[in-house]
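Observations on the model geometry
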Amino acid sequence: MEATGTDEVEKIKSKFMSAWHNMKYSWVLKTKTYFSRNSPVFLLGKCYHFKTEGEYRALHSFQSSSGTSLIPVFLSRSSEFRKDFISRIWLTYREEFPQIKGSALTTDCGWGCTLRTGQMLLAQGLMLHFLGRAWVWPEALDMDSSDSESWTSNTVRKLTASFEASLTAERDPKILPRPQRGPARRNWDVTEMRNEVYHRKIISWFGDSPLAAFGLHQLIEYGKKSGKIAGDWYGPAVVAHILRKAVEEARDPELQGVTVYVAQDCTVYSSDVIDRQCSSMDSGKAGTKAVIILVPVRLGGERTNTDYLEFVKGILSLEYCVGIIGGKPKQSYYFAGFQDDSLIYMDPHYCQSFVDVSIKDFPLESFHCPSPKKMSFKKMDPSCTIGFYCRTVQDFEKASEEITKMLKSSSKEKYPLFTFVKGHSRDYDFASSPLHEEHDLFSEDEKKRLKRFSTEEFVLL
């Protein structure tokens, strides 16, 4: 009886926490993001110039207190930037998804932000692999004020339904359906149809279900090997290793041509990277794999050293950069660009409803962010993970040369932020784990490294 009573208390507590998270993370904030007309804007290697008069504002649309629809201000010259930004995959807090194994959690609100920013970085790498950097979502500019308005009204419905469910002990809150979108998509050519298939497939790999290759459920399972459980906070370095294991263990044939390498102690061992690229595919197909290189670094001590600003800007100016898992203290963001001394990012701290990506033509709107945000580089937490994508061995060799030059030119101190060295890690007396381990996902050396990362990194809420 006592155990039953405790379970009921936990269930009621869980429902009230869910309602609180809805209120805290679901409200559409009335914030504006300004872009200067005098400076170029960089987004994952692409440069955009705003040369008409005035300033450019990107803001979430919302219903004003008088009920008037406020429309985003994006002048025609900035439409290409907006289309490119919206085309990036946005992964945020979700609620009411299938229960996470070993817990009672059906939401990641309040603790899963670094896993979400890690997902966004990996998603960008997969987009480069399957779609190329030039791809943009044809329907990106169709995300107009109606989408944000429906998000706001949907938030109200979710808040009301969740509180009612908490009081009546209902298992699933009854939420009124979102308004239906307008007419069906226009006619697409063969290439656009092929790209749309991959667009949807990439998003489906990040679905919030136990079967999704890079979904939250799978990432948490891999995180258990480093001592993490659902509800814990994850740092950028730990997430880098979790992403590597997730890609390594993925069984979808489409993913056999991609691998992930995580730098060891701020060092990229070139031969280890090339070995991963040249490792045999499960399908038996010949050829090299594309590689996503993740480099966990610290940009200073307790605070970010502003001497690293030019290097970070240089990294985000490269087309093969897939972004940075970072943030500010207690909040993780996905950094994808910059203007002047401000970083452009996507924010995962927005609670959205679960979307079943297994159904045909599942809605895509909630996976694309309609408005960028900016943050001063000075506010950035020093702990972060930088990502790059290289399709071939030749691309990796070229990238390592280019980044090495950038590191040397930007480093004012004796040691650069990280280094590329020739040879294998074992040549430098470091333990080298095999590419595939049958009985344990992490080697003992990796477990020690992950434990150190877990204790050193900042706490993310």
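Residues numbered from 1 in each chain as written. Predicted model: local features only at pLDDT ≥ 70, side-chain atom pairs only at ≥ 80, totals over all residues. Heavy atoms only, no water.

Worth spelling out the cut-off: UniProt positions are given in the numbering used here, feature names are shortened, and annotations may be inferred rather than shown by experiment.
With an unreviewed UniProt entry as reference, the protein chain is termed Cysteine protease, source organism Malurus elegans. Check the Catalytic activity (unreviewed entry) section of the UniProt entry for the protein chain; it says "[protein]-C-terminal L-amino acid-glycyl-phosphatidylethanolamide + H2O = [protein]-C-terminal L-amino acid-glycine + a 1,2-diacyl-sn-glycero-3-phosphoethanolamine". Turning to the protein chain, the UniProt annotation filed under Function (unreviewed entry) states: "Cysteine protease that plays a key role in autophagy by mediating both proteolytic activation and delipidation of ATG8 family proteins."

1. Quick notes on the pairing of strand β10 (residues 290–298)
What counts here: Partly exposed residues are those whose accessible area sits between 20% and 50% of the maximum for their type, while under 20% is buried and over 50% is exposed, using a 1.4 Å probe and protein chains only. Strands are runs of DSSP state E lasting at least two residues, helices are runs of H or I lasting at least four, and both sets are numbered from the N terminus onward. By definition, two strands form a pair when at least two bridges between them are found by DSSP.
In terms of burial, β10 is a largely internal element, 8 of the 9 residues being buried. Relative to β10, strand β8 (residues 258–262) runs parallel, the two sharing 5 bridges. Within β10, the position partnered with Tyr261 by the bridge is Ile293.

2. Digging into the nonpolar core
Cut-off, in case you're wondering: Residues belong to one nonpolar core when they are buried, are Ala, Val, Leu, Ile, Met, Phe, Trp, Tyr or Cys, and are joined through side-chain atoms within 4.5 Å. The contact criterion used throughout is that any non-hydrogen atoms of two residues lie within 4.5 Å.
Residues Leu126, Ile202, Trp205, Phe206 and Phe214 are the most contacted members of the largest nonpolar core, which totals 71 residues. Top element by residues in this core is helix α3 (residues 113–130). It accounts for 9 residues. Residue contacts for Leu126: discarding those within four places in its chain leaves Leu131, Ile202, Trp205, Phe206, Phe214, Leu255 and Val258. Among the nonpolar cores identified, the runner-up in size contains 41 residues, and Ala263, Val297, Leu318 and Phe377 belong to it.

3. Quick look at the environment of Gly314
By the element assignment, Gly314 lies in helix α9 (residues 309–316). Residue Gly314 is classed as buried on the basis of its relative accessible area, which comes to 15%. Sequence separation between Gly314 and Phe338 is 24 residues, and the spatial gap between their C-alpha atoms is 10.0 Å.

4. So, the pattern of salt bridges
Selection criterion: Each salt bridge in this description consists of a side-chain nitrogen of Lys or Arg and a carboxyl oxygen of Asp or Glu lying within 4 Å of one another.
Taken as a whole and assessed by the stated rule, the structure comprises 14 salt bridges. We note a salt bridge from Asp84 to Arg88, for which the minimum N-O separation is 2.8 Å. A relative accessible area of 2% means that Arg88 is categorised as buried. Here Lys224 ties to Glu221 by a salt bridge, and the two come within 2.8 Å at their closest N and O atoms. Given a relative accessible area of 26%, Glu221 falls into the partly exposed group.

5. A look at the packing of aromatic side chains
As a reminder of what qualifies: Centres within 6.5 Å are what make two rings of Phe, Tyr or Trp a pair, Trp counting through its six-membered ring; a difference in plane orientation under 30 degrees is then read as stacked, over 60 as edge-to-face, and the rest as tilted. Note on geometry: a ring has a charge over it if NZ (lysine) or CZ (arginine) is within 6 Å of the ring centre and within 35 degrees of the ring normal.
If you walk through the whole model with that rule in mind, you get 20 aromatic pairs. Geometrically, the ring pair formed by Phe130 and Tyr198 is stacked, given 5.0 Å between the ring centres and 20° between the ring planes. Of this pair, Phe130 sits in helix α3 while Tyr198 is found in helix α5 (residues 190–205), placing the two residues 68 residues apart along the sequence. For the pair formed by Phe130 and Tyr198, the shared burial category is buried. Ring centres of Phe362 and Phe367 lie 6.2 Å apart, and the angle between their planes is 80°; on these two criteria the pair is classed as edge-to-face. An aromatic cluster of three or more residues is present, and its members are Phe311, Tyr320, Phe388, Phe396, Phe418 and Phe420. Lying over the aromatic face of Phe367, Arg94 brings its terminal NZ or CZ to 4.6 Å of the ring centre. One cation-aromatic arrangement involves Lys374 over Phe35; the distance from NZ or CZ to the ring centre is 4.9 Å.

6. Regarding α3
Basically, it comes down to this: Here a helix's expected span is defined as the number of its residues, less one, multiplied by 1.5 Å.
Between its first and last C-alpha atoms α3 spans 26 Å; for 18 residues at 1.5 Å apiece the expected length is 26 Å, and the two agree. α3 sits mainly inside the fold: 18 of its 18 residues count as buried. In the segment just after α3, Gly132 is the residue with positive phi, at about 85°.

7. Re the packing of α3 against helix α7 (residues 236–249)
Put simply, the rule is: Lines fitted to the C-alpha atoms define the axes, with helices restricted to the stretch that makes contact. Angles between their N-to-C directions range from 0 to 180 degrees. Should an angle lie under 35 degrees it is considered roughly parallel, over 145 roughly antiparallel, and from 65 to 115 roughly perpendicular; all remaining angles are considered oblique. Less than a right angle of anticlockwise turn of the near helix away from the far helix marks a crossing as left-handed, whereas a clockwise turn marks it as right-handed.
In contact at an axis separation of 10 Å, α3 and α7 are set at 50° when each is read in the N-to-C sense. Classified by the interaxial angle, the pair formed by α3 and α7 is oblique. In this structure, α3 meets α7 at a crossing whose hand is right-handed. From α3, Thr114, Leu115, Gly118 and Leu122 reach across to α7, where they touch Pro236, Val239, Leu243 and Val247.

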